[in-house]
Amino acid sequence: MKIPKKFFARQHEIAADFLKELDKHLDDVVSGRATEMFEVRDFAELIHVHPTHLSNTIKSATGHSPCFFFEERLMEISKSMLQNVSMPIAEIARTLTYDPSNFTKFFKHFSGQTPKQYREAYFQSLSQKAEVVTI
(Lines give C-alpha, C1' and ligand atoms only; values in the text may rest on other atoms or scores of the structure.)
Protein backbone atom coordinates (compact mmCIF):
# COMPACT_ATOMS: atom_id res chain seq x y z
CA MET A 1 0.00 0.00 0.00
CA LYS A 2 1.35 3.40 -0.97
CA ILE A 3 1.38 6.03 1.79
CA PRO A 4 -0.06 9.39 0.68
CA LYS A 5 2.37 12.32 0.46
CA LYS A 6 -0.06 14.32 2.58
CA PHE A 7 0.79 12.01 5.52
CA PHE A 8 4.49 12.84 5.29
CA ALA A 9 3.78 16.54 4.90
CA ARG A 10 1.71 16.50 8.11
CA GLN A 11 4.49 14.65 9.95
CA HIS A 12 6.99 17.31 9.03
CA GLU A 13 4.52 20.06 9.87
CA ILE A 14 4.05 18.63 13.38
CA ALA A 15 7.82 18.25 13.83
CA ALA A 16 8.42 21.82 12.65
CA ASP A 17 5.69 23.15 14.96
CA PHE A 18 7.24 21.27 17.88
CA LEU A 19 10.71 22.67 17.18
CA LYS A 20 9.31 26.20 16.83
CA GLU A 21 7.42 25.91 20.13
CA LEU A 22 10.48 24.37 21.81
CA ASP A 23 12.67 27.31 20.78
CA LYS A 24 10.00 29.78 21.86
CA HIS A 25 9.60 28.08 25.26
CA LEU A 26 13.34 27.90 25.92
CA ASP A 27 13.69 31.57 24.99
CA ASP A 28 10.93 32.30 27.52
CA VAL A 29 12.75 30.27 30.19
CA VAL A 30 16.08 32.02 29.58
CA SER A 31 14.47 35.46 29.60
CA GLY A 32 12.50 34.68 32.77
CA ARG A 33 9.06 34.79 31.16
CA ALA A 34 8.57 31.09 32.05
CA THR A 35 9.58 29.54 35.35
CA GLU A 36 8.91 25.86 34.64
CA MET A 37 10.07 23.56 31.88
CA PHE A 38 7.45 22.14 29.57
CA GLU A 39 7.03 18.42 29.09
CA VAL A 40 6.04 16.63 25.90
CA ARG A 41 2.37 16.79 26.92
CA ASP A 42 2.60 20.60 27.19
CA PHE A 43 4.01 20.90 23.67
CA ALA A 44 1.40 18.46 22.39
CA GLU A 45 -1.33 20.61 23.89
CA LEU A 46 0.13 23.72 22.22
CA ILE A 47 0.04 22.13 18.78
CA HIS A 48 -3.24 20.29 19.39
CA VAL A 49 -2.13 16.67 19.14
CA HIS A 50 -1.97 13.77 21.59
CA PRO A 51 1.41 13.45 23.41
CA THR A 52 1.94 9.90 22.12
CA HIS A 53 1.14 11.01 18.58
CA LEU A 54 3.59 13.91 18.94
CA SER A 55 6.38 11.63 20.15
CA ASN A 56 5.76 9.00 17.49
CA THR A 57 5.47 11.58 14.72
CA ILE A 58 8.69 13.39 15.65
CA LYS A 59 10.53 10.07 15.91
CA SER A 60 9.19 9.01 12.51
CA ALA A 61 9.89 12.34 10.80
CA THR A 62 13.36 13.01 12.26
CA GLY A 63 14.68 9.73 13.61
CA HIS A 64 14.97 11.27 17.08
CA SER A 65 12.66 11.54 20.06
CA PRO A 66 11.37 14.93 21.27
CA CYS A 67 13.69 14.63 24.28
CA PHE A 68 16.71 14.52 21.97
CA PHE A 69 15.87 17.96 20.58
CA PHE A 70 15.01 19.32 24.01
CA GLU A 71 18.30 18.12 25.52
CA GLU A 72 20.34 19.23 22.50
CA ARG A 73 18.88 22.74 22.65
CA LEU A 74 19.37 22.91 26.43
CA MET A 75 23.02 21.98 26.00
CA GLU A 76 23.49 24.71 23.37
CA ILE A 77 21.92 27.28 25.71
CA SER A 78 23.90 26.00 28.71
CA LYS A 79 27.20 26.22 26.85
CA SER A 80 26.38 29.70 25.62
CA MET A 81 25.52 30.85 29.14
CA LEU A 82 28.68 29.24 30.56
CA GLN A 83 30.74 31.39 28.21
CA ASN A 84 29.66 34.40 30.26
CA VAL A 85 32.13 34.30 33.15
CA SER A 86 30.17 36.83 35.20
CA MET A 87 27.17 34.49 35.53
CA PRO A 88 27.63 31.90 38.32
CA ILE A 89 26.91 28.28 37.40
CA ALA A 90 24.26 28.05 40.13
CA GLU A 91 22.44 31.02 38.57
CA ILE A 92 22.58 29.39 35.14
CA ALA A 93 21.12 26.24 36.67
CA ARG A 94 18.28 28.13 38.32
CA THR A 95 17.59 30.12 35.15
CA LEU A 96 17.18 26.81 33.31
CA THR A 97 14.89 25.55 36.14
CA TYR A 98 17.46 23.11 37.53
CA ASP A 99 18.75 22.57 41.02
CA PRO A 100 22.52 23.29 40.71
CA SER A 101 23.56 19.69 41.49
CA ASN A 102 21.06 18.27 38.99
CA PHE A 103 22.25 20.74 36.37
CA THR A 104 25.81 19.52 36.88
CA LYS A 105 24.67 15.90 36.45
CA PHE A 106 22.65 16.77 33.34
CA PHE A 107 25.50 18.74 31.79
CA LYS A 108 28.12 16.10 32.55
CA HIS A 109 25.91 13.35 31.15
CA PHE A 110 25.62 15.08 27.78
CA SER A 111 29.02 16.75 27.48
CA GLY A 112 31.32 14.45 29.43
CA GLN A 113 32.50 17.27 31.67
CA THR A 114 31.05 19.38 34.46
CA PRO A 115 29.91 22.95 33.75
CA LYS A 116 32.97 24.24 35.63
CA GLN A 117 35.30 22.06 33.55
CA TYR A 118 33.59 23.22 30.35
CA ARG A 119 33.91 26.87 31.35
CA GLU A 120 37.60 26.47 32.26
CA ALA A 121 38.36 24.64 29.01
CA TYR A 122 36.49 27.27 26.99
CA PHE A 123 38.42 30.18 28.48
CA GLN A 124 41.69 28.29 28.26
CA SER A 125 41.08 27.71 24.54
CA LEU A 126 40.38 31.43 24.11
CA SER A 127 43.64 32.37 25.82
CA GLN A 128 45.54 29.91 23.63
CA LYS A 129 44.00 31.44 20.52
CA ALA A 130 45.01 34.89 21.75
CA GLU A 131 48.59 33.69 22.26
CA VAL A 132 48.70 32.32 18.71
CA VAL A 133 47.47 35.61 17.31
CA THR A 134 50.02 37.72 19.24
CA ILE A 135 53.03 35.63 18.21
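Chains are numbered independently. Their residues run from 1 in the order of the written sequence. For this predicted model, a pLDDT threshold of at least 70 governs which residues receive local features, and a threshold of 80 or more governs which side-chain atom pairs are given and counted, while totals over whole chains, interfaces and linings are taken from all residues. Excluding hydrogens and water, the side-chain values take into account all heavy atoms of the structure.

(A) Representation of the overall build of the protein in the model. Secondary structure counts use DSSP, requiring at least four H or I residues in a row for a helix and at least two E residues in a row for a strand, with both numbered from the N terminus. Secondary structure assignment for the protein yields 7 helices and 0 strands. Each helix (α) and strand (β) of the protein, taken in turn from the N terminus, gives the series α-α-α-α-α-α-α. Each residue is placed in one exposure class: buried if its accessible area under a 1.4 Å probe, protein chains only, is under 20% of its type's maximum, exposed if it is over 50%, and partly exposed if it falls in between. Counting the 135 residues in the protein, one finds 30% classified as buried. Residue contacts follow a heavy-atom distance rule, with two residues in contact if any of their heavy atoms lie within 4.5 Å. If you take every contact in the protein between residues at least 6 apart in sequence, the share linking residues at least 24 apart comes to 58%. Just so you have it, the protein exposes about 8800 Å², and 55% of that area is on carbon and sulfur atoms. To be clear on the numbers: accessible area is Shrake-Rupley with a 1.4 Å probe, and residue cover counts the displayed protein chains and nothing else.

(B) Structural context of the nonpolar core. If you look at the biggest cluster of nonpolar residues, it comprises 27 residues, and the most contacted ones within it are Phe18, Leu22, Leu54, Ile92, Leu96 and Phe103. When contributions to this core are tallied by element, the ones reaching two or more residues are α1 (5–31), α2 (40–46), α3 (51–62), α4 (66–82), α5 (89–95) and α6 (100–111). Per element, the largest residue contribution to this core is 7 residues, and it comes from α4. With residues up to four places along the chain from it excluded, the contact list for Leu22 reads Phe43, Phe69 and Phe70. We call a set of buried Ala, Val, Leu, Ile, Met, Phe, Trp, Tyr and Cys residues a nonpolar core when their side-chain atoms join them within 4.5 Å.

(C) Inspection of the environment of Phe69 at higher detail. Among the structural elements, Phe69 can be located in helix α4. Take Phe69: its relative accessible area is 13%, and that puts it in the buried class. Put simply, Phe69 and Ile58 are 11 residues apart on the chain and 9.8 Å apart in space, counted from C-alpha to C-alpha. In contact with Phe69, not counting residues within four places along its chain, are Phe18, Leu19, Leu22, Ile58, Thr62 and His64.

(D) Geometry of unusual backbone geometry. The residue His48 is not glycine, and still its phi comes out positive at about 65 degrees. Tracing the backbone through its elements, the reader meets His48 in the loop between α2 and α3. Despite not being glycine, Thr97 has its phi angle at roughly 65 degrees, a positive value. Classification of Thr97 by relative accessible area gives partly exposed; the value is 30%.

(E) Up close: the environment of Thr97. Mapped onto the fold, Thr97 is located in the loop between α5 and α6. C-alpha of Thr97 to C-alpha of Val30: the two residues are 67 residues apart in sequence and 9.3 Å apart in space. In this structure Thr97 touches Val29, Thr35, Glu36 and Met37, once residues within four positions along its chain are discounted.

(F) Quick peek at the pattern of salt bridges. The working definition used for a salt bridge is a side-chain nitrogen of Lys or Arg within 4 Å of a carboxyl oxygen of Asp or Glu. Scanning the entire structure with this criterion turns up 6 salt bridges. One salt bridge in this structure joins Arg73 and Asp23, with 2.8 Å as the shortest N-O distance. With Arg73 in helix α4 and Asp23 in helix α1, this pair connects stretches of sequence that are 50 residues apart. Residue classification places Arg73 among the partly exposed positions, given a relative accessible area of 22%. In this structure, Glu76 engages Arg73 in a salt bridge whose closest nitrogen and oxygen atoms are separated by 3.5 Å. Of the two residues, Glu76 and Arg73 are both situated in helix α4; the distance of 3 residues between them amounts to about one turn of the helix. Overall, Glu76 belongs to the partly exposed group, its relative accessible area being 43%. Ionic contacts of the salt-bridge type, sharing partners, join the residues Asp23, Asp27, Arg73 and Glu76 into one network.

Purely geometric stuff here, so don't read any function into it on its own.
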